[in-house]
Amino acid sequence: VAELRLPHRRHELAQEDTPDRLLVRLAANAAAIAQAGAALARAARSGEALAPGAACLLDHLYLVDEHVRAARHLLPPARSRALPRLAGGAPRVYQLALEIVSHGDGRLEQESLARFVAAYQEGAPLVLDELWAMPVMLRLALIDNLRRIAARLDRQRVQRALAGGWAERMIATAGQRPGDLVLLVADMARAVQLDAAFVAELARRLQGQDGALAQVIDWTGARLADEGSNIEAQLRLDDAGQAADGASVANSIASLRLVAAIDWGEFVETMSAVEHTLRLDPCGAYARMDAATREHYRQAVARLARLSLHSETEVAAEALALAGAVPEHEAEAEGDARRRHIGHYLVGDGQPALRARL
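Residues numbered from 1 in each chain as written. Predicted model: local features only at pLDDT ≥ 70, side-chain atom pairs only at ≥ 80, totals over all residues. Heavy atoms only, no water.

How should I be thinking about the packing of aromatic side chains in this particular structure?
When we look at a pair of aromatic rings, we describe it by the centre distance and by the angle of the planes. As enumerated under the stated definition, the model contains two aromatic pairs in all. Each ring, one from W264 and one from F267, has its centre 5.0 Å from the other, and the planes form 75°; the classification is edge-to-face. With W264 and F267 both in helix 13 (residues 264–271) and three residues apart, this pair spans about one turn of that helix. Judged by its relative accessible area of 11%, W264 falls in the buried class. The interplanar angle of 35° and the centroid separation of 6.0 Å between the aromatic rings of Y286 and Y297 together place this pair among those described as tilted. (Phe/Tyr/Trp six-rings, centres within 6.5 Å; stacked < 30°, edge-to-face > 60°. Helix = DSSP H or I, 4+ residues; strand = E, 2+ residues; numbered from the N terminus. Buried < 20%, exposed > 50% of the residue type's maximum accessible area, 1.4 Å probe, protein only.)

Just to check I follow, could you spell out the environment of Y345 for this structure?
Position of Y345 among the secondary structure elements: in helix 18 (residues 342–346). Considering only alpha carbons, one finds Y345 and V101, 244 residues apart in sequence, at a separation of 40 Å. Once residues within four sequence positions are removed from consideration, Y345 is found in contact with A319, L322, A323, V326, R339, G350, Q351 and L354. Engagement of the side chain of Y345 in a polar contact is seen with the backbone oxygen of R339, the distance being 2.8 Å. (Contact = heavy atoms within 4.5 Å. Polar contact = N/O pair within 3.5 Å; in protein donor to acceptor, adjacent residues only side chain to side chain.)

Could you clarify how one ought to interpret the packing of helix 4 (residues 61–74) against helix 8 (residues 128–176) in this entry?
Geometrically, a packed helix pair is captured by the angle between its two axes and the distance between the axes. Remark: helix 4 packs on helix 8, axes separated minimally by 10 Å, with the N-to-C direction vectors making an angle of 140°. With respect to helix 8, the axis of helix 4 lies oblique. Considering how the two elements wind past one another, helix 4 and helix 8 form a crossing that is left-handed. Contacts between helix 4 and helix 8 pair V64, H67, V68, A70, A71 and L74 from the former with V136, R139, L140, I143 and L146 from the latter. The residue inventory of the contact of helix 4 with helix 8, partitioned by class, reads nine nonpolar, one polar and one charged. (Axes fitted to C-alpha atoms, helices over the stretch in contact; angles between N-to-C directions. Parallel < 35°, antiparallel > 145°, perpendicular 65-115°, else oblique. Left-handed = near helix turned anticlockwise from the far one by under 90°. Nonpolar A, V, L, I, M, F, W, Y, C, P; charged D, E, K, R; others polar.)

Teacher, can you tell me more about the side chain of E275 here?
Considering the arrangement of structural elements, one finds E275 in helix 14 (residues 273–278). Not counting the four nearest positions on each side in its chain, E275 is found in contact with E269, Y286, R294 and R298.

How should helix 15 (residues 291–307) be read in this particular structure?
Taking 1.5 Å of rise per residue, the 17 residues of helix 15 would be expected to cover 24 Å, and the 25 Å separating its terminal C-alpha atoms lies within 8% of that figure. Of all the residues in helix 15, the buried ones are R294, E295, Y297, R298, Q299, A300, V301, A302, L304 and A305. In this structure, the buried residues of helix 15 make contact with helix 8, helix 13, helix 14, helix 16 (312–324), helix 18 and helix 19 (351–357). (Expected span 1.5 Å × (residues − 1).)

Just checking my understanding: could you explain the pattern of salt bridges for this structure?
Summed over all chains, the structure comprises 26 salt bridges. For D238, the salt bridge goes to R204, with nearest N and O atoms at 3.3 Å. Taken together, the residues span a long stretch of sequence, with D238 in helix 12 (residues 231–261) and R204 in helix 10 (residues 196–206) at a distance of 34 residues. The buried category is assigned to D238, whose relative accessible area is 4%. A salt bridge links R204 to D239; the shortest N-O distance between them is 3.1 Å. Highlighted residues: R204 in helix 10 and D239 in helix 12, separated in sequence by 35 residues. It is possible to trace a salt-bridge network through shared partners that takes in E269, E275, R279, R294, E295 and R298. (Salt bridge = Lys/Arg side-chain N within 4 Å of Asp/Glu carboxyl O.)

In this structure, what is going on with unusual backbone geometry? I would like to understand it.
Most peptide bonds take the trans configuration, and most residues that are not glycine carry a negative phi. A positive phi angle, near 50°, is found at D105, a position not held by glycine. On the basis of relative accessible area, D105 is assigned to the partly exposed category, the value being 37%.

I would appreciate a short explanation of helix 10 in the present structure.
Because each turn of an α-helix spans 3.6 residues, side chains separated by three or four positions in sequence point in the same direction. Most of helix 10 sits inside the fold, with nine of its eleven residues counted as buried. All of the buried residues along helix 10 are A196, A197, F198, V199, A200, E201, L202, A203 and L206. Against helix 8, helix 9 (181–191), helix 11 (212–226) and helix 12 lie the buried residues of helix 10. Trailing helix 10 by a residue or two, G208 shows a phi angle of about 85°, which is positive.

Right under this line is the structure:
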């Protein structure tokens, strides 16, 4: 949480309109996940053993697709363009969502999410539209996270399949033409890069082999030593990577479900600085109103803020000041208690007075 108090210092808002590319990015991410998923599905049908993260992603592609469709529905271009944007072009709340998802490796919890947003707002209060946009921005950030993992899982699958193919050729060559094995190893050296997935699969396939095949392992170890590594380190790196990817996929899938389950109306009321101000209503009526009416009042604040040079919290504070300036005994004597209610200035006959004050 302490780390998330700092991003607002580097989140410089844009001073002019910037192009909106969130839906373009969503489409690209969805296409990349679908492409990786199709490749993983073909591999599974052919009998390849999938890494835990790949199997989890394949099992939940339907859920990812549901959230892609939901994000498209919840984020029409006009709504996205209206959000406060950073100098780089992205909506501020989207960047915050990316940092929240990255901070927890895709794992979201409702309580920690509220703490993160509250910590961020200590330096830069979010406007109401940003708070209401949080669920769709979290979906976008989680889908972005899954796209990166899906691409990595597919690359690793390709490397393992490649290593398996080389291992089969080497085993066949060692049994039929052992003298040609050195030429085959040279071909492999020119054709492949020894990343962790490739080395781990090759070592697993050739482990326990003797004679010329044992020399392949020795040569692989010698080449890795030139790069400051060894086969055991690559095996550990591959195992750790598979475990991390599996956890990150599982976290992201669980978080997508959480986003769909959260009561976002309650979240907005809890996080909104405007809400906290309006609840100080001198006549006490605001806190007793239903949720729809409170939202109507908050949106009135947002509209007045857009029409003026004031922030939403400043508009709410001015409405509160006008209502608080009317003595209770005066309102009772005039038989008009509405003048002590913030709604009188936000949506009622007192709005001209509030506009003039702004």
